[in-house]
Amino acid sequence: MTGHQDDNRSIWRFFDGAVSISISMLAAVLVSDCVLCGQPPGLGWLKGLTEREDGIIIVATLLLFPTTAALYGGFKVFFAAKEAVEKRAKAQGRKEERERIQRELAAQGMPLTPEQVAVLTRESE
């Protein structure tokens, strides 16, 4: 992994952490203000906690791990998909460039031998 990629990952880890904290705080405030959240057992317990002194902070802290896990999974899926798309585009670009080279050589009257075609079309990665 290159240094540039490490820098980007560090930035995204910081961003991911900041977003996780913000979302867990927002969720705690929403649970606190929710009128219907007293009914379901899990939400009712959380809503009850928000009514305590420092309850919103307690609930936000409880929600931080699930929020982080959900965001981490979401970011991981996003970046895996991004990497797959970039890899496919790169492979497609290589294929098109190889085909262009073959056409140009053939147009110049220098067609490739079957061995050269095999080397040229072989995937390098």
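Look up: the structure comes first, before these words.
Residues numbered from 1 in each chain as written. Predicted model: local features only at pLDDT ≥ 70, side-chain atom pairs only at ≥ 80, totals over all residues. Heavy atoms only, no water.

**Remarks on the overall build of the chain**
Okay, so step 1: A tally of regular secondary structure across the chain gives four helices and zero strands.
Okay, so step 2: Start at the N end of the chain and walk to the C end: the helices and strands fall as α-α-α-α.
Okay, so step 3: Split into buried and exposed, the 125 residues of the chain put 14% on the buried side.
Okay, so step 4: For the chain, long-range pairs separated by at least 24 residues make up 49% of all intrachain contacts whose partners lie at least 6 apart in sequence.
Okay, so step 5: Approximately 9600 Å² of the chain is accessible, and the part contributed by carbon and sulfur atoms is 64%. (Helix = DSSP H or I, 4+ residues; strand = E, 2+ residues; numbered from the N terminus. Buried < 20%, exposed > 50% of the residue type's maximum accessible area, 1.4 Å probe, protein only. Contact = heavy atoms within 4.5 Å. Areas by Shrake-Rupley, 256 points an atom, 1.4 Å probe, with all protein chains shown as cover.)

**Some details on the pattern of salt bridges**
Okay, so step 1: One pass over the full model with this rule turns up two salt bridges.
Okay, so step 2: Among the ionic pairs, Lys82 bridges to Glu86, the shortest N-O distance being 3.0 Å. A residue pair is termed a helical-turn pair when its members lie 3 or 4 positions apart in one helix, as Lys82 and Glu86 do in helix H3 (residues 55-107) at four residues.
Okay, so step 3: Taking the relative accessible area as the measure of exposure, Lys82 reaches 39% and is therefore partly exposed.
Okay, so step 4: The class for Glu86 is partly exposed, based on a relative accessible area of 45%.
Okay, so step 5: Residues Glu97 and Arg100 are paired through a salt bridge, measuring 2.6 Å at the closest nitrogen-oxygen approach. Placement of the pair is Glu97 and Arg100 together in helix H3, with a separation of three residues, close to one helical turn.
Okay, so step 6: Taking relative accessible area as the criterion, Arg100 reaches 35% and is therefore assigned partly exposed. (Salt bridge = Lys/Arg side-chain N within 4 Å of Asp/Glu carboxyl O.)

**Details of the packing of aromatic side chains**
What characterises a pair of aromatic rings is the spacing of the ring centres plus the angle enclosed by the ring planes.
Okay, so step 1: The full count for this structure, using the stated rule, is one aromatic pair.
Okay, so step 2: Centre to centre, the rings of Phe78 and Phe79 are 5.1 Å apart; their planes meet at 75°, and the pair counts as edge-to-face.
Okay, so step 3: Accessibility expressed as a relative area gives 28% for Phe79, which makes it partly exposed. (Phe/Tyr/Trp six-rings, centres within 6.5 Å; stacked < 30°, edge-to-face > 60°.)

**Regarding the side chain of Lys47**
Okay, so step 1: Looking at the secondary structure, you find Lys47 in helix H2 (residues 41-50).
Okay, so step 2: One buried charged side chain, Lys47, makes no salt bridge at all; its nearest oppositely charged neighbour is Glu51, positioned 4.1 Å away.
Okay, so step 3: A polar side-chain atom of Lys47 sits 2.7 Å from the main-chain carbonyl oxygen of Ser32.
Okay, so step 4: Setting aside chain neighbours within four positions, we find Lys47 in contact with Val31, Ser32, Asp33, Cys34, Cys37 and Gly38. (Lys, Arg positive; Asp, Glu negative; His and termini not counted. Polar contact = N/O pair within 3.5 Å; in protein donor to acceptor, adjacent residues only side chain to side chain.)

**Some remarks on the nonpolar core**
Okay, so step 1: Judged by nonpolar contacts, Ala28, Val31, Leu46, Leu49, Val59, Ala60 and Leu63 together constitute the single largest core of seven residues.
Okay, so step 2: Looking at this core, the elements that each hand over two or more residues are helix H1 (3-33), H2 and H3.
Okay, so step 3: Ranked by the residues each element gives to this core, the list is headed by H3, at three residues.
Okay, so step 4: Aside from chain neighbours lying at most four places away, what touches Ala28 is Thr50, Ile56, Val59, Ala60 and Leu63. (Core = buried A, V, L, I, M, F, W, Y, C linked by side-chain atoms within 4.5 Å.)

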